[in-house]
4 protein chains.
Amino acid sequence: MEKIGVALIGTGFMGKCHAMAYGAVKAAFGDVPAIERAALCDVDEAHARKCAAEFGFARATTDWRDLLKDPGIQLISITSPNGLHREMAVAALAAGKHVWCEKPMALTLADAEAMTAAAAKAKGQATALGYGYLRNPALQFARKLIAQGAIGEVFDFRGSVDEDYMADPLIPWSWRLTRKDAGLGTLGDLTVHLVSLAQELMGNFESLCAMVDVVHGQRPVQGSDKTAAVENDDIAHALVRFASGARGVLTSSRIAHGRKNGLKIEVHGSKGMLWLDNERMNELNLYVADGPREERGFRRILAGPYHPAYDRLCPAPGHGLGFNELKVIELAELLYAVTGRPSQPVDFARGFSIEKVIHAFARSAESGTWTKID
Amino acid sequence: MEKIGVALIGTGFMGKCHAMAYGAVKAAFGDVPAIERAALCDVDEAHARKCAAEFGFARATTDWRDLLKDPGIQLISITSPNGLHREMAVAALAAGKHVWCEKPMALTLADAEAMTAAAAKAKGQATALGYGYLRNPALQFARKLIAQGAIGEVFDFRGSVDEDYMADPLIPWSWRLTRKDAGLGTLGDLTVHLVSLAQELMGNFESLCAMVDVVHGQRPVQGSDKTAAVENDDIAHALVRFASGARGVLTSSRIAHGRKNGLKIEVHGSKGMLWLDNERMNELNLYVADGPREERGFRRILAGPYHPAYDRLCPAPGHGLGFNELKVIELAELLYAVTGRPSQPVDFARGFSIEKVIHAFARSAESGTWTKID
Amino acid sequence: MEKIGVALIGTGFMGKCHAMAYGAVKAAFGDVPAIERAALCDVDEAHARKCAAEFGFARATTDWRDLLKDPGIQLISITSPNGLHREMAVAALAAGKHVWCEKPMALTLADAEAMTAAAAKAKGQATALGYGYLRNPALQFARKLIAQGAIGEVFDFRGSVDEDYMADPLIPWSWRLTRKDAGLGTLGDLTVHLVSLAQELMGNFESLCAMVDVVHGQRPVQGSDKTAAVENDDIAHALVRFASGARGVLTSSRIAHGRKNGLKIEVHGSKGMLWLDNERMNELNLYVADGPREERGFRRILAGPYHPAYDRLCPAPGHGLGFNELKVIELAELLYAVTGRPSQPVDFARGFSIEKVIHAFARSAESGTWTKID
Amino acid sequence: MEKIGVALIGTGFMGKCHAMAYGAVKAAFGDVPAIERAALCDVDEAHARKCAAEFGFARATTDWRDLLKDPGIQLISITSPNGLHREMAVAALAAGKHVWCEKPMALTLADAEAMTAAAAKAKGQATALGYGYLRNPALQFARKLIAQGAIGEVFDFRGSVDEDYMADPLIPWSWRLTRKDAGLGTLGDLTVHLVSLAQELMGNFESLCAMVDVVHGQRPVQGSDKTAAVENDDIAHALVRFASGARGVLTSSRIAHGRKNGLKIEVHGSKGMLWLDNERMNELNLYVADGPREERGFRRILAGPYHPAYDRLCPAPGHGLGFNELKVIELAELLYAVTGRPSQPVDFARGFSIEKVIHAFARSAESGTWTKID
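A quick note: this is a predicted structure, and the numbers were derived from the prediction, not measured.

The rules we used
Residues numbered from 1 in each chain as written. Chains lettered and ligands numbered in written order. Predicted model: local features only at pLDDT ≥ 70, side-chain atom pairs only at ≥ 80, totals over all residues. Heavy atoms only, no water. Contact = heavy atoms within 4.5 Å. Buried area = accessible area lost by both parts, 1.4 Å probe. Salt bridge = Lys/Arg side-chain N within 4 Å of Asp/Glu carboxyl O. Polar contact = N/O pair within 3.5 Å; in protein donor to acceptor, adjacent residues only side chain to side chain. Helix = DSSP H or I, 4+ residues; strand = E, 2+ residues; numbered from the N terminus. Nonpolar A, V, L, I, M, F, W, Y, C, P; charged D, E, K, R; others polar. pLDDT = per-residue confidence, 0-100. Pairing = 2+ DSSP bridges. Axes fitted to C-alpha atoms, helices over the stretch in contact; angles between N-to-C directions. Domains from an automatic or database assignment. Least-squares fit on C-alpha atoms with pLDDT ≥ 70 in both. Buried < 20%, exposed > 50% of the residue type's maximum accessible area, 1.4 Å probe, protein only. Parallel < 35°, antiparallel > 145°, perpendicular 65-115°, else oblique. Left-handed = near helix turned anticlockwise from the far one by under 90°. Disulfide = S-S within 2.5 Å. Phe/Tyr/Trp six-rings, centres within 6.5 Å; stacked < 30°, edge-to-face > 60°.

### With respect to the interface of chain A and chain B
Consideration 1: If you look at the interface, chain A gives 46 residues, while chain B gives 46 residues.
Consideration 2: Between chain A and chain B, the buried area comes to about 3200 Å², and carbon and sulfur atoms account for 60% of it.
Consideration 3: Ranking the residues of chain A by area buried against chain B places Met211, Leu239 and His257 of chain A at the top, with a combined share of 20%.
Consideration 4: Counting the contacts that link chain A with chain B gives eight salt bridges.
Consideration 5: Here arginine 158 of chain B makes a salt bridge to aspartate 162 of chain A, at a shortest N to O gap of 2.9 Å.
Consideration 6: Joining chain A to chain B, the criterion identifies 16 residue pairs in polar contact (both at pLDDT 80 or more).
Consideration 7: Residue assignment for the side of chain A that touches chain B shows that the elements contributing at least two residues are strand E7 (154-162), strand E8 (205-213), strand E11 (235-242), strand E12 (247-253), strand E13 (262-269) and strand E14 (272-277) of chain A.
Consideration 8: Here the side of chain A that touches chain B is composed, by residue class, of 20 nonpolar, 14 polar and twelve charged.

Encoded structure:
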């Protein structure tokens, strides 16, 4: 496949991010198809046209279904509100398109299941979800170290994902705080990332016991002196057990002042430990219990070209990748899948397994008991 | 009281630490009684004599009961193995002595309760347990900031206490790994510290749900090719709820490679956040959500003379206190209590409340359910 | 100007970096001309064709002079070896093209002067040199803070730029280590960056006293058992005075083991201090001597959308830009200059002032005396 | 020698620090003489008596000459103002006493030379100066690593020593800012420490070229609306060459906002690098260029009992020593010298070599030229 036609639905944070990835992936990776930016869709026509021009798409539309019929489009990016993911993804798959959909997958577990079923039916079509942090070369190097036994048998995982975008109790109420329109809160926005990293390094979850709370229960309604109820979770913590027998603890919060991209993980093994912090995403910290005791310490390893796929974007170590570049790598993985090469996108089946975990959080917290994850 | 006669039982890590505190406290604090180092007790007579000479004690003995009768002794340090704490402390209190006892308080909750009852009966006698980390000026400054509302209403606590003294699975089996002789494992050695800090900053615990595991279940028996079973816990994690309505997560491990004094806490509030890491015990990190957004960030505050009781030991900020100096402050608090001044030692009643929490960990983990803490 | 045709000379580290910037700039900034990637030039024809395809250029050539005649090209990127910069840049300017040239500007001060003269003559044509670190939002925020007086009068600057790409003494000899073919060593590769940052924050240099050394004087000749002499500098340190009356110290090394992008600066002022480290380029550390003494500390400020031009690339704070994205901002500045908007590219005149400083290093080190910089 | 009688002159920051060291050294080290705290001297009689009681000295005096005749005193601590060091030290040595004198040694080079001559004459008497940072176990471990060749041949040294005790330009004028009464400024207070560390790790200085400035030239006179001139240096920077052929840069400032104990050093070698920062004095950072490139990084090594003399004060790694404990180690080194054991105090001869370097700073800065150090 020399060229692939792509369409983009949505022009927000993630829409622009997908657009930039489409513009960069061929230059960075070389061994992927060239990208034809065929069409961009946004509900606001003027905005759609403006974005199409800026993002380099050939045409603009306000009707996403219009994209399905276009034979020049093989891959569709879905970056619309989460409540639309199911309908769009299922339709796109039915129309024979590959799909790159942002996370969280869907509002409900049923929706995620339906999407997974649709993807399973659409043999030969690739799917990918927006779990760019998994593509961080430092994280993948951690995975490799663990697989090689560098830190021995891993038995304990500590992870947190904290941001402060809802930390101020006076941030106004919006539809994003309702179960009906936005689904889960922190669990869907943040915890999914942490779960994806835990899976990547520790394997499948077996069970968990969670505590999920709304802390700032009322928020002011803008343009009024009233408040309205926050329905979805601010905080979600859990004890977890993995299928391997290992254990761990996950904490998450969207009301954690000072944390901007506070996704941190620690993996404890019988021969060493490693940890990462997304706010310093180009660093991996590694402790190995060998050599003279007096020379041991955590090593701060700066990402470099010897940590794939850093080399595709930069040959100079320590110069640093940015958040957007993880999406370029994510896209490359998807394009490898599209072209039938070995690759590791977070496809819908994998995404569904992540959704199962966060919905188990919710169930466990309600019942106050340990909950199995099938 | 111009002078106070003291005796020391035990000459290990903590014994020497108490001895150095006795040597320093009057020079540092000035407003405490002068210390008469009357007698030192160790089971090995030659070693007792050697240590008495080095630590500056007037005489040595191998019989701790001998100290009880000595009218020149008003305060007794108990740094013997934990299994002896109850008998010694109860006898010392009965003999009218003030008691400075190392943590954990005792092997069992019943023992801790008996000690607490003995202390309650001994009106006018002061008790203190070895929770030196509470005396860290950076920690006490955190407490003051919280009390002043600097970070608003506190609603989430994250704490971990990790060391690696048992991390190598080939470290041999010993009596310290049995329930009978050593009681709890990580819970008694490490988690107690974390619980003490959580209490100090968040108030009383209301309930918890814990996961407590032996990870390295068999260890080699020295001088043999056999292994023996490890009975007490390597790892102890819990979800917790505080009486205030706040919540949190505590993690602990004695098998965490790379952590040497990894006691870290994070307190999340509605206006800010603060965190500390004992491996950098002279630093407090504070984020306050005020001022222009673009200038906000975590502030690394170096401990200095404006953080009591740092000034008693050093007038120069950033020069740093050490672990041993926290014990000097702990001793000063005890001496203030002895002389009837306002003070805040961790007395036996407070120590008992800590023991209740770690024993609730054990019960909760066995039952797999949330457990109340009375 | 709705569209601008661009050509790229060179396909190495910087060539690819320019190519990716061309692919991203319109999506990121919106308010710049759309980019027509017209032609790519490389001496190797097959490689030129391959790169043109991957980087999205319409055609490939092996003759850079061929680009000069193409009316569809208005802007030319020069990322060829430094010894070719002068000839290409002067010719491109003469042909009416805008020029984006990598640093260091040229092998000799005379070459840099000639380029500057050519740019001065070419009124209405914009030039830019590859000083992307100046475009770091965290650095520009530092500049703004200083301008606003946030740290008072600035009087001392400490800067270092260290990498380890030549640190191993067994790295073989190459033409890059000769004065004739490569010009200065660390001074041209690294010190120029540091000088550019010092200028940006402190203003013009007045004089300096330098120490410039070759440390690993002989390097093995590949495929032989001989060694050859290294002619250009491994290390360059200097005391400096600025026209403002402030002072400072600059250190640089290409043989500094462990440093991958070790560009660090510290600015001392009468009311505070700030520092940055390029290995953590999304962080600015700021200390302001106000508020209660016990609450003061260095604040780690994470770059975010309130630090221009971070917002053009990402709306989420702390998510982090990468090295390549600084080149996108650099390109946007150049395109603003091309379209006559206020902008701050490092044009040839500014670049020449940087070259004067590093050549003054060399002269001062030879004479062992303080040297004026005109 | 089983016991040694000691006297203390001065009761300020360093006086109290010496007192605490006398109280701790025998308990910590065991293999040193027991300390008899014989007499304390302060010019204020009531204060002398109060301090003698608190610091545990048998008697108090206001006449330091009175100590010279006391046969029960073998060692005298001099912590009085620097202008008195020469007279007291020379007299104490003449009276047959060992001397522990705080730094800087004296106001002038002539005074330091006279003290050195007196010490040379007093064979069998030990002298030590207050360079406690040299006793930091992390620093001594760095020295050992260098000696073992862990980082190869060392060729570059970067050091800074910055504090902010004079950073506010409104801090009032005092006699400490005059040449006559206080001698050098930052050079005597801070740079001496940096020079001592550079010597310890790099060997003797050969020459330097310095820049020494008064930045805040006038300071307010307290209780008046006038200002008075600051005569001694705020800032002192230098390029240096060592006798070994290595080079380096030293920077110092007493007006560096935010730095509380900012003594940092970096040693660059042909196989690796190491660095330390006194504000985190229990950490050594080490990079060694071996093993797979992708696993390399700076290792943060926490001080522990395997780093002598940490073990004398604490058996638990990572628990951390404090500033005061470095003085305990310093005292132990002096006591080893007193008792004829191998030891490494900074004696007067070594101290004189440090004074030569800082006075060379002053001369070089005045002449604006490179200056030899004999």
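The structure having been displayed, the exposition proceeds.
### Details of the environment of leucine 284 of chain A
Consideration 1: Among the secondary structure elements, leucine 284 of chain A is positioned in strand E15 (residues 283-288).
Consideration 2: Sequence separation between leucine 284 of chain A and aspartate 234 of chain A is 50 residues; the distance between their C-alpha atoms is 29 Å.

### Points about the confidence of the model for chain A
Consideration 1: Across chain A, pLDDT averages 97, with 100% of residues at or above 70.
Consideration 2: Model confidence for the complex: the whole-complex pTM is 0.98, and ipTM, which rates the interface, is 0.97.

### As for the sheet that holds strand E2 (residues 34-41) of chain B
All names here are of chain B.
Consideration 1: Reading across from one edge, E3-E2-E1-E4-E5-E6 is the order of the six strands in this open sheet, with parallel pairing throughout. Where the open sheet ends on each side, the last strands, each with one partner, are strand E3 (59-61) and strand E6 (127-129). Averaged over all pairs of adjacent strands, the angle between strand axes in this sheet comes to 20°, irrespective of strand direction.
Consideration 2: Sheet topology note: the strand E1 (residues 3-9)/strand E4 (residues 75-78) ladder contains four bridges and is parallel. Within the sheet, the bridge partner assigned to valine 6 lies in E4 and is leucine 75.
Consideration 3: On top of the sheet, helix H1 (residues 13-29) reaches E1, E2, E4 and strand E5 (98-101); it is set at about 160° to E2, its chief contact.
Consideration 4: The strands touched by helix H11 (residues 348-367) are E5 and E6; relative to E6, the strand with the most contacts, the crossing angle is about 35°.

### Structural notes on the domain arrangement of chain A
Residue and element names in this part refer to chain A.
Consideration 1: In terms of domains, chain A is made up of domain 1 (3-132) and domain 2 (134-372).
Consideration 2: Once you take the C-alpha centre of each, domain 1 and domain 2 turn out to be 24 Å apart.
Consideration 3: On the side of domain 2, 43 residues touch domain 1, which itself brings 44 residues to the contact.
Consideration 4: Buried surface at the junction of domain 1 and domain 2, summed over both partners, amounts to about 3600 Å²; 72% is from carbon and sulfur atoms.
Consideration 5: Linking domain 1 to domain 2 there are three salt bridges.

### As for the relation of the copies chain A and chain B
Consideration 1: Superposing chain A onto chain B takes a rotation of 180° combined with a translation of 0.0 Å along the rotation axis, leaving an RMSD of 0.0 Å. Such values leave the two copies arranged in the relation of a two-fold axis. Residue threonine 369 of chain A, judged by its C-alpha, is the member of chain A lying nearest the rotation axis, at 3.2 Å.

### Notes on the pattern of salt bridges
Consideration 1: Per the stated rule, a full pass over the model turns up 104 salt bridges over all chains.
Consideration 2: Glutamate 206 of chain C is paired through a salt bridge with lysine 372 of chain C; the nearest N and O atoms lie 2.3 Å apart. With a gap of 166 residues between them, glutamate 206 of chain C in strand E8 (residues 205-213) and lysine 372 of chain C in strand E17 (residues 371-372) connect regions that are remote in the sequence.
Consideration 3: Using a relative accessible area of 61% as the deciding quantity, one classes lysine 372 of chain C as exposed.
Consideration 4: The salt bridge involving glutamate 87 of chain D is made with arginine 65 of chain D; its shortest N-O contact spans 2.4 Å. Note that glutamate 87 of chain D is positioned in helix H4 (residues 85-94) and arginine 65 of chain D in helix H3 (residues 65-68), a separation of 22 residues in sequence.
Consideration 5: On the basis of relative accessibility, which here comes to 43%, the residue glutamate 87 of chain D falls in the partly exposed class.
Consideration 6: One salt-bridge network, in which partners are shared between bridges, spans Glu279 and Arg280 of chain A together with Glu283 and Arg300 of chain C.

### Considerations on the packing of helix H1 (residues 13-29) of chain D against helix H10 (residues 323-338) of chain D
All names here are of chain D.
Consideration 1: Packing of H1 against H10 brings their axes to within 8 Å, and their N-to-C directions diverge by 65°. Between H1 and H10, the crossing angle belongs to the class labelled roughly perpendicular. Considering the relative orientation of H1 and H10, their crossing is right-handed. Residues Phe13, Met14, Cys17, His18, Met20, Ala21, Tyr22, Ala24, Val25, Ala28 and Phe29 of H1 form the contact with H10, whose participating residues are Phe323, Asn324, Lys327, Val328, Ile329, Leu331, Ala332, Leu335 and Tyr336.

### So, the state of the cysteines
Each disulfide is one covalent bond, formed between the sulfur atoms of two cysteines.
All names here are of chain A.
Consideration 1: Scanning the model with the defined rule gives zero disulfides over all chains in all.
Consideration 2: Of the cysteine sulfurs around cysteine 41, a residue in no disulfide, the closest is that of cysteine 51, at 11 Å.
Consideration 3: For cysteine 51, a relative accessible area of 3% gives the class buried.

### What about the packing of aromatic side chains?
All names here are of chain D.
Consideration 1: Following the criterion strictly, the structure yields 32 aromatic pairs over all chains and no others.
Consideration 2: Here the aromatic rings of phenylalanine 205 and phenylalanine 242 are separated by 4.9 Å at their centres, their planes lie at 50°, and the arrangement is tilted. Separated by 37 residues along the polypeptide, phenylalanine 205 in strand E8 (residues 205-213) and phenylalanine 242 in strand E11 (residues 235-242) bring together distant segments of the chain.
Consideration 3: Residue class for phenylalanine 242 comes out buried when judged on its relative accessible area of 2%.

### Quick notes on the interface of chain D and chain A
Consideration 1: Contact residues are listed per partner, giving 13 residues for chain D and 13 residues for chain A.
Consideration 2: Both faces combined, the contact of chain D with chain A buries some 1300 Å², and carbon together with sulfur accounts for 54% of it.
Consideration 3: A per-residue breakdown of the area chain D buries against chain A is headed by Glu294, Glu295 and Arg299 of chain D, which together make up 44% of the total.
Consideration 4: Remark: the boundary between chain D and chain A carries zero salt bridges.
Consideration 5: Inspection of the region where chain D meets chain A yields six residue pairs in polar contact (both at pLDDT 80 or more).
Consideration 6: Elements represented by at least two residues in the side of chain D that touches chain A include exactly helix H6 (137-147) and strand E16 (298-302) of chain D.
Consideration 7: Among the residues making up the side of chain D that touches chain A, the classes are represented as five nonpolar, two polar and six charged.
Consideration 8: Sheet analysis places strand E16 (residues 298-302) of chain A next to E16 of chain D, joined by three bridges and oriented antiparallel.

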